[in-house]
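# Observations on chain architecture
Next come the chains, spelled out residue by residue.
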Protein chains: 2
Amino acid sequence: MTDTPARMRRLVSEATKDGALELRIEEVDTPRPGPGELLIKLEAAPVNPSDLALLVGPAVPEEGAREGDTLSMPVPEQAQAFLSTRLGQKLGAGNEGAGTVVAASEGAPEGMIGKRVAAAGGDMYAEYRSVPMQLVMPLPESASARDGASSFVNPMTALSMTEVMKRDGSPALVHTAAASNLGQMLQRIAKKDGFPLINIVRSPKQQAILKDLGADYALNLKEESFMKELVAACDATGATVGFDAVGGGDLAGKIITAMEISQQKKMTEYSRYGSSVHKQVYVYGRLDLSEVRVPPSVGMAWGVGGFLLTNFLASISQEQRMAMAMRVASELTTTFASHYTGELTMDELLEPEAMAKCNAKATGTKYLLTF
Amino acid sequence: MTDTPARMRRLVSEATKDGALELRIEEVDTPRPGPGELLIKLEAAPVNPSDLALLVGPAVPEEGAREGDTLSMPVPEQAQAFLSTRLGQKLGAGNEGAGTVVAASEGAPEGMIGKRVAAAGGDMYAEYRSVPMQLVMPLPESASARDGASSFVNPMTALSMTEVMKRDGSPALVHTAAASNLGQMLQRIAKKDGFPLINIVRSPKQQAILKDLGADYALNLKEESFMKELVAACDATGATVGFDAVGGGDLAGKIITAMEISQQKKMTEYSRYGSSVHKQVYVYGRLDLSEVRVPPSVGMAWGVGGFLLTNFLASISQEQRMAMAMRVASELTTTFASHYTGELTMDELLEPEAMAKCNAKATGTKYLLTF
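Per chain, residues are indexed from 1 in the order of the written sequence. Chain labels run from A onward and ligand labels from 1 onward, assigned in the order the entries are written. Totals for whole chains, interfaces and linings use every residue, but because this is a predicted model, local features are given only for residues with pLDDT of at least 70 and side-chain atom pairs only at 80 or more, for both listing and counting. Think of the side-chain values as coming from all heavy atoms in the structure, minus any hydrogens and water.

### Focus: the overall build of chain A
Filter applied, for reference: By definition, any uninterrupted DSSP run of H or I lasting at least four residues is a helix, any uninterrupted run of E lasting at least two residues is a strand, and each is numbered from the N terminus. Accessibility here uses a 1.4 Å probe with only protein chains present; expressed as a share of the type maximum, an area under 20% marks a residue as buried, one over 50% as exposed, and anything in between as partly exposed. The contact criterion used is simple: two residues touch if any of their non-hydrogen atoms lie within 4.5 Å. In short, Shrake-Rupley with a 1.4 Å probe defines the accessible areas, and a residue's cover is counted only from the protein chains shown. Asp and Glu are treated as the negative residues and Lys and Arg as the positive ones, with His and the ends of the chain left uncounted. By convention, charge coordinates are those of NZ in Lys, CZ in Arg, CG in Asp, or CD in Glu.
For chain A, the count of helices and strands is eleven helices and 20 strands. A principal-axis box enclosing the C-alpha atoms of chain A has dimensions of 75 × 50 × 35 Å. In chain A, buried positions account for 57% of the 371 residues. In chain A, the proportion of contacts linking residues at least 24 apart, taken out of those at least 6 apart, comes to 72%. Roughly 15,500 Å² of accessible area belongs to chain A as shown, and the carbon and sulfur atoms make up 52% of that amount. Treating the 36 positive side-chain charges of chain A as one cloud and the 44 negative ones as another, the clouds have centres 5 Å apart.

Here it is, written out as structure tokens:
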């Protein structure tokens, strides 16, 4: 730890009693690695939608104001209840990142010092972070910290979707907001693993992104023929599991309805309960914060539910988690490559305009923090 | 079969191409018991909500017209698509009923002839029905056909709810439309088995029905304090599983939100994803045919899904099914007693006014068909 400074800068997020969400750079003691931990000097960390939920949440960065090392953003009154359980708490941000190991606790493998690694576990928007070994993934020699910054959230989420598809017995997947970094990753996995993926997007441009990756199905939900095409895709693939990043609105309901229409065609006898084949949509994002709406046309054998990566990973075996992580490491710059709209420092992120851009949630837009 | 007539009357339901739903009494050959079947002379069969979905569905009995043995009910144009898969098919109705065994096929136990039994399997709105032995339940000597007519749907559904509660690891249940026949049954089971049941109803009268049965919780969703009381009940019981007969609207979402608020109180550390404890509402009815609406306040570990008795029974072992059926038989006139608003013959049911009354879906209203 000879070259490591005693103090470091990190980003914290705090909901205040007067209805604001504050982002602040604070100086704190550089952590020392605890038992079984590695100290990482961070070089790059992505700003994922899951990070924005904590950094911004219901606040309005466009109306924010910066003062020194603090960005203060107003929270609309009707949304303040959402933040009641975190009032006055300084929360570290950043689910994942990459950098170089600069120190190891006793018991940690010494050979790791100097190695470039990716890490998960939160609090990554900081110059240094001490991380339990099991949340650290060594990067291939050829990979930069930028290459490895997004090694956990999106790759593990995309791989988890394929695991759930297999577990639930579906021969194919439906995916929404599918031109995202995650969606493109999932399309590359589908191509490589040979399962049909039904991509749902909102524009011809997004359709083109997926077609360029060899997608068999890239449906535009704004077209009039959308439902017809979705049913036809379900007919052709037999998909009964979908992952939805949108959440609010009628999209999850439409997907299950299309699956149900398709499954009903296979029935030899009429049943007013519809098909007995279970159809499921997992809501893993809430790009739309309005209610998820499910119509009666889904039949009786249906489910909609939340999906959270950490809960899923806790439900599978250590062997399965390891196998997934090893696959990510070995295909990091191909299948699991991420693309960034731009790069920012912590300091630059405190500008209202920059924060608003990061928070735009336009498909395919993602920023990388560098340290 | 000496006394069995060669022809019999039965009720059929047919959706026609000109946008009507027709109920008709037709005369057909009396069935002969197939291998392993028993022929039952029916005496009583309930008109359950699940039967009404087939008999009436989206049609409007109030605007129906009777001509001879046919009742024709108009179907609103926007609802006709729901019936497209059953157009022109004559469908038998009646999920369950009770009567006397009058004939047995070879291989069926002869000692059954003359016995009073309950039966499931559909097509029970008929003078005779031949039923596979495994769908027949002998009634206790002291029980009449009226006592036994509702031995399957409600009792097995109520018991299934308690099985699902145990399977999903919840220490308590939430139930809506809870003053129904089924709800009262569930309250008696909860009392007997000693688990907390949180009943949700819509009026003080319905609250009183459940309080009279010894209910600890009978919440009126129309009162302003409803959400507060629901959260308090979740706090006290730890309930994470609910069964909802209403379906459409915000009730399922409110139940999961209350569970989530309650679970969050047990968290020692803030997480913007909310509690990691899974909270589930099963929609087993659609008294309200509008969309099921789930707000973001449910957190991430949540699920809403359809629940259909036959699908659930198919998912458990034969031993479990037998144990449930034996319990129903032994507590038929106590725990599993049903109450009827009135009795009707098939002929009387064809009157628009009678059909409308049966279809009213007012809690606690249920009619019995007699033959």
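Following the structure, the description resumes.
### Remarks on helix 5 (residues 204–212) of chain B
Residues and elements named next belong to chain B. The test is simple: This arc is taken over the directions from the axis of the helix to the C-beta atoms.
Of the residues making up helix 5, those classed as buried are Gln206, Gln207 and Leu210. The arc enclosing the buried residues of helix 5, seen along the axis, measures out at 105°, which places them on a common side. Along helix 5, exposed side chains directed more than 90 degrees from the buried face belong to Pro204, Lys205 and Asp212. Buried residues in helix 5 make contact with helix 4 (181–193), strand 12 (197–201) and strand 13 (217–220). Of the residues flanking the end of helix 5, it is glycine 214, one or two places downstream, whose phi is positive at about 90°.

### Concerning the packing of helix 6 (residues 226–237) of chain A against helix 7 (residues 251–264) of chain A
Between two packed helices, the angle of one axis relative to the other and the distance separating the axes together describe the packing. All names here are of chain A. Quick reminder of the rule: The angle between two axes is taken between their N-to-C directions and runs from 0 to 180 degrees, where each axis is a line fitted to C-alpha atoms and a helix contributes only its stretch in contact. Note on terminology: angles under 35 degrees are roughly parallel, angles over 145 are roughly antiparallel, angles of 65 to 115 are roughly perpendicular, and the others are oblique. Two helices cross in a left-handed way if the nearer one is turned anticlockwise from the farther one by less than a right angle. They cross in a right-handed way if the turn is clockwise. Throughout this entry, Asp, Glu, Lys and Arg are counted as charged residues, while Ala, Val, Leu, Ile, Met, Phe, Trp, Tyr, Cys and Pro are counted as nonpolar. The remaining residues, Gly among them, count as polar.
Viewed as axis vectors pointing N to C, helix 6 and helix 7 meet at an angle of 50°, and their least axial separation amounts to 8 Å. Considering their axes alone, helix 6 and helix 7 lie oblique with respect to each other. Crossing handedness for the pair helix 6 and helix 7: right-handed. Contacts between helix 6 and helix 7 involve Phe226, Met227, Leu230, Val231, Cys234 and Asp235 from the former and Leu251, Lys254, Ile255, Thr257, Ala258, Met259, Ile261 and Ser262 from the latter. Residues of the contact of helix 6 with helix 7, tallied by class, amount to ten nonpolar, two polar and two charged.

### Concerning the nonpolar core
Worth spelling out the cut-off: We define a nonpolar core as any set of buried Ala, Val, Leu, Ile, Met, Phe, Trp, Tyr and Cys residues linked to one another through side-chain atoms lying within 4.5 Å.
Of all hydrophobic cores here, the largest spans 50 residues; its most connected members are A:Trp302 and B:Trp302. Ignoring sequence-local partners within four residues, the contact set of B:Trp302 consists of A:Val283, A:Arg286, A:Val292, A:Val304, A:Gly305, A:Gly306, B:Ile256, B:His278, B:Lys279 and B:Val294.

### Some thoughts on the sheet that holds strand 1 (residues 7–15) of chain B
Strand pairing within a sheet occurs via backbone hydrogen bonds; the two strands may be parallel or antiparallel. Residues and elements named next belong to chain B. Going by this rule: The pairing criterion is simple: DSSP has to find at least two bridges between the two strands.
The strand order across the open sheet built from five strands is 4-5-2-1-6, with neighbouring strands paired in antiparallel fashion. For this open sheet the edge positions go to strand 4 (65–67) and strand 6 (91–92), each flanked by a neighbour on one side alone. Here strand 1 pairs with strand 2 (residues 20–29) via nine bridges, running antiparallel. Bridging from a neighbouring strand, leucine 11 pairs with isoleucine 25 of strand 2.

### Overview of helix 9 (residues 318–330) of chain A
Residues and elements named next belong to chain A. Note the following rule: One less than the residue count of a helix, multiplied by 1.5 Å, gives the span that helix is expected to have.
Over its 13 residues, helix 9 runs 18 Å from end to end, which matches the ideal 18 Å to within 8%, given 1.5 Å per residue. Turning to helix 9, its buried residues number three or more, namely Met324, Ala325, Arg327, Val328 and Ala329. If you follow the buried residues of helix 9, they end up packed against strand 10 (136–138), helix 3 (153–167), helix 4 (181–193) and helix 8 (309–315).

### Observations regarding the confidence of the model for chain A
Our working definition: Confidence scores here are pLDDT values: one per residue, from the predictor, ranging 0 to 100.
Taken over all residues, the pLDDT of chain A has a mean of 93, while the share at 70 or more is 99%. Confidence metrics for the complex model read pTM 0.87 and ipTM 0.85.

### Regarding the environment of B:Ala314
Assignment of secondary structure puts B:Ala314 in helix 8 (residues 309–315). Considered as a pair, B:Ala314 and B:Val298 are 16 residues apart in the sequence and their alpha carbons are 30 Å apart.

### Remarks on the relation of the copies chain B and chain A
Here is the rule we go by: Residues below a pLDDT of 70 in either copy are left out; the C-alpha atoms of the rest, at least 70 in both, set the least-squares superposition of the copies.
Rotating chain B by 180° and moving it 0.0 Å along the rotation axis overlays it on chain A with an RMSD of 0.1 Å. In short, the pair behaves as if placed about a two-fold rotation axis. Among all residues of chain B, the one whose C-alpha sits closest to the rotation axis is B:Arg293, at a distance of 2.3 Å. Both copies contact each other with a shared surface, as 100% of the interface residues of chain B are interface residues in chain A too.

### Notes on unusual backbone geometry
Positive phi, close to 60°, is recorded for A:Asp123, a residue that is not glycine. Relative to the helices and strands, A:Asp123 resides in the loop between strand 8 (116–120) and strand 9 (128–132).

### Considerations on the domain arrangement of chain A
Residues and elements named next belong to chain A. Put simply, the test is: Throughout the structure description, domain borders are defined by an automatic or database domain assignment. The salt bridge criterion pairs a side-chain nitrogen of Lys or Arg with a carboxyl oxygen of Asp or Glu, the two atoms within 4 Å. We define a polar contact as two N or O atoms separated by no more than 3.5 Å, with the added condition that, inside protein, one atom must be a possible hydrogen donor and the other a possible acceptor, whereas residues neighbouring each other in sequence contribute only through side-chain atom pairs.
Segmentation of chain A into domains returns domain 1 (7–150 + 338–370) and domain 2 (154–312). Averaged C-alpha coordinates put domain 1 and domain 2 at centres separated by 31 Å. Every contact between the two is made by seven residues of domain 1 and, on the other side, eleven residues of domain 2. Seen at the junction of domain 1 and domain 2, the total is zero salt bridges. The interface formed by domain 1 and domain 2 includes one residue pair in polar contact (both at pLDDT 80 or more).

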